[in-house]
Amino acid sequence: VSNANPFARIELYYGKTADIFLDADTAATGSNLDTTSLSTPYGNISALGAVEIRDNSDSELSLAGSSGDVFDIRDAPKSFAKISFDFNVESVTFVYGGGGGGIHVEARDRNGSIVDVFSQSSTGTGQPAGPQTVSGKGIRSLYWEDPGWNFAPLDNLYILKQQTPFVISPFLLLLLDD
């Protein structure tokens, strides 16, 4: 076979839906996250800072798909909220709101270094409310704040854990040209 291409190793990645969904509406989806860690098949999720579970009162956030309760920040100077994972996350998709002020979201690794960031200067009436995705290798926390010290709710968090490629080896695969 003159046009054969041998491979010693093939790594396959696959796409899939979120591993974890959080919307603060039930205990299984994080309604107690402000006081209690959530155990998942992949590890624990916990909240730090000024995370507050409250009902959604933001019309743009509702139009983006939010209903029921949301993960919010207590309205206090210099307040922030952080959801931490004790396992590696690849991406977090969420809807966001505020009704005033802005929003700043950071995906951080285990050392606190920023992996990805999203900011919007205004969450006021008529402004977009998502969905938005932050992604990167080794995300261990989602940190957010309103630089104007107002409320900044997140909802409908779709969390995709870090995917590990599966390897098919050893074997010889021949790709033949016509």
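One can find the structure itself at the top, above this paragraph.
Residues numbered from 1 in each chain as written. Predicted model: local features only at pLDDT ≥ 70, side-chain atom pairs only at ≥ 80, totals over all residues. Heavy atoms only, no water.

Asker: Sorry, what's going on with the pairing of strand β10 (residues 132–145) here?
Answerer: For a regular strand, the rule is simple: side chains alternate between the two faces of the sheet. Two elements, strand β7 (residues 81–96) and β10, share nine bridges in a ladder whose sense is antiparallel. Across the sheet, residue Thr93 finds its bridge partner in β10, namely Thr133. Of the pairings in the sheet, the one linking strand β8 (residues 103–108) to β10 comprises five bridges and is antiparallel in character. Across the sheet, His104 pairs through a bridge with Glu145, a residue of β10. (Pairing = 2+ DSSP bridges. Helix = DSSP H or I, 4+ residues; strand = E, 2+ residues; numbered from the N terminus.)

Asker: Hey, could you run me through the environment of Asp23 in this one?
Answerer: Assignment of secondary structure puts Asp23 in the loop between β2 (20–22) and β3 (38–40). Taking the relative accessible area as the measure of exposure, Asp23 reaches 11% and is therefore buried. Among all residues touching Asp23, those that are not within four sequence positions of it are Thr29, Asp69, Val70, Phe71, Asp155 and Asn156. Engagement of the side chain of Asp23 in a polar contact is seen with the backbone nitrogen of Asp25, the distance being 3.0 Å. At a separation of 2.5 Å, a polar atom in the side chain of Asp23 contacts the side chain of Thr29. (Buried < 20%, exposed > 50% of the residue type's maximum accessible area, 1.4 Å probe, protein only. Contact = heavy atoms within 4.5 Å. Polar contact = N/O pair within 3.5 Å; in protein donor to acceptor, adjacent residues only side chain to side chain.)

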